[in-house]
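What the coordinates show
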Amino acid sequence: QHVSRASVDPTVQTELTGLLSEAGFTIYDPKSRELSDWADEFMKTGTMPPRDMEKVDIVIVGEAFSEFGAQQHGMVSCKGRIEIKAVDNRTGEILAVGRTTHRALDMSEMIAAKSALEKGTRKLAPAFVGRMVAAWDKFSKESPAEAPKENKKEEEGAKKKRQKIHKMSLH
């Protein structure tokens, strides 16, 4: 959200979705009002994710805003603040937290605002994703008995994929 205007902008969501997709994650984006309402409530109270999301392992929630910084010589600067959390969908445990503030300059205030959020997301993502995957790997190693026997082979394949993604996100 840009502070001086009443518009919600999905810049951080779009950028993070693209980065995670490029890294090999499977992205599920239901665009449902229920999920959006839950994310708002989670940021306030920490409530558990909706149960109709069985195929989702990790839910990323957060808030971001941008605001006008300064204007000089026909250029506008804006500053953006991003705060995100990765939540284990099964337990509600917070796996990783990320936050950053970033600035951008452009002739247009809205483009400067979007650029600040985009650049902030790119700055935040590598360490955030690394912490998220490391926490998920640790959790999956600690609770292997929870997986049903018929899903063992499937879980082993998913574990190898997470390890590959983990290695990619830390380099």
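In this report, we go over the structure that sits alongside the text.

**Quick notes on the overall build of the protein**
Helix and strand counts for the protein stand at four helices and three strands. When the helices and strands of the protein are listed from N to C terminus, the series reads α-α-β-β-β-α-α. In the protein, the share of contacts with a sequence separation of at least 24, taken over all contacts with a separation of at least 6, comes to 63%. When the accessible area of the protein is evaluated, it comes to approximately 10,600 Å², of which 53% is carbon and sulfur surface.

**Quick look at the side chain of Thr100**
Mapping Thr100 onto the fold places it in strand E3 (residues 94–106). Given a relative accessible area of 8%, Thr100 falls into the buried group. Here the side chain of Thr100 touches Lys123 through a polar contact of 3.4 Å, side chain to side chain. When near neighbours in sequence (up to four residues on either side) are disregarded, Thr100 contacts Gly80, Arg81, Ile82, Gly120, Lys123 and Leu124.

**Looking at the nonpolar core**
In this structure, Phe25, Phe128, Val129 and Met132 are the most contacted members of the largest nonpolar core, which totals 20 residues. Of all the secondary structure elements, the ones that give two or more residues to this core are helix H1 (11–22), strand E2 (75–88), E3 and helix H3 (109–142). Here the element with the most residues in this core is H3; it accounts for nine residues. Not counting residues up to four positions away in its chain, the partners in contact with Met132 are Leu20, Phe25, Ile58, Ile60, Ala86, Leu95 and Ala96.

**So, the pattern of salt bridges**
Applying the stated criterion to the full structure yields two salt bridges. Put simply, Glu15 and Arg122 hold a salt bridge, and the shortest N to O gap is 2.6 Å. Placement of the pair is Glu15 in helix H1 and Arg122 in helix H3, with a sequence separation of 107 residues. Note that Glu83 and Arg81 form a salt bridge whose closest N and O atoms lie 3.2 Å from each other. A residue is classified by how much of its surface remains accessible, and Glu83, at 34% relative accessible area, is partly exposed.

**Let's talk about H1**
Taking 1.5 Å as the rise per residue, H1 with 12 residues should run 16 Å; its terminal C-alpha atoms sit 17 Å apart, in good agreement. Those residues of H1 not exposed but buried are Thr11, Val12, Glu15, Leu16, Leu19 and Leu20. An end-on view of H1 places all buried positions within 150° of arc, on one side of the element. Here the buried face of H1 lies against strand E1 (58–72), E2 and H3. Two residues or fewer after H1 comes Gly24, characterised by a positive phi angle close to 100°.

**A few points about the packing of H1 against H3**
How two helices pack is summed up by the angle between their axes together with the distance between the axes. Close contact between H1 and H3 brings their axes to 9 Å; oriented N to C, the two are set at 45°. Taken as axis vectors, H1 and H3 run oblique relative to one another. As H1 runs across H3, the sense of the crossing is right-handed. Contacts from Thr11, Val12, Glu15, Leu16, Leu19 and Leu20 in H1 reach Lys114, Leu117, Glu118, Thr121, Arg122, Ala125, Val129 and Met132 in H3. In terms of residue class, the contact of H1 with H3 is made up of eight nonpolar, two polar and four charged.

Cut-off values and rules
Residues numbered from 1 in each chain as written. Predicted model: local features only at pLDDT ≥ 70, side-chain atom pairs only at ≥ 80, totals over all residues. Heavy atoms only, no water. Helix = DSSP H or I, 4+ residues; strand = E, 2+ residues; numbered from the N terminus. Contact = heavy atoms within 4.5 Å. Areas by Shrake-Rupley, 256 points an atom, 1.4 Å probe, with all protein chains shown as cover. Buried < 20%, exposed > 50% of the residue type's maximum accessible area, 1.4 Å probe, protein only. Polar contact = N/O pair within 3.5 Å; in protein donor to acceptor, adjacent residues only side chain to side chain. Core = buried A, V, L, I, M, F, W, Y, C linked by side-chain atoms within 4.5 Å. Salt bridge = Lys/Arg side-chain N within 4 Å of Asp/Glu carboxyl O. Expected span 1.5 Å × (residues − 1). Arc of directions from axis to C-beta. Axes fitted to C-alpha atoms, helices over the stretch in contact; angles between N-to-C directions. Parallel < 35°, antiparallel > 145°, perpendicular 65-115°, else oblique. Left-handed = near helix turned anticlockwise from the far one by under 90°. Nonpolar A, V, L, I, M, F, W, Y, C, P; charged D, E, K, R; others polar.

By themselves, these figures tell us nothing about what the structure is for.
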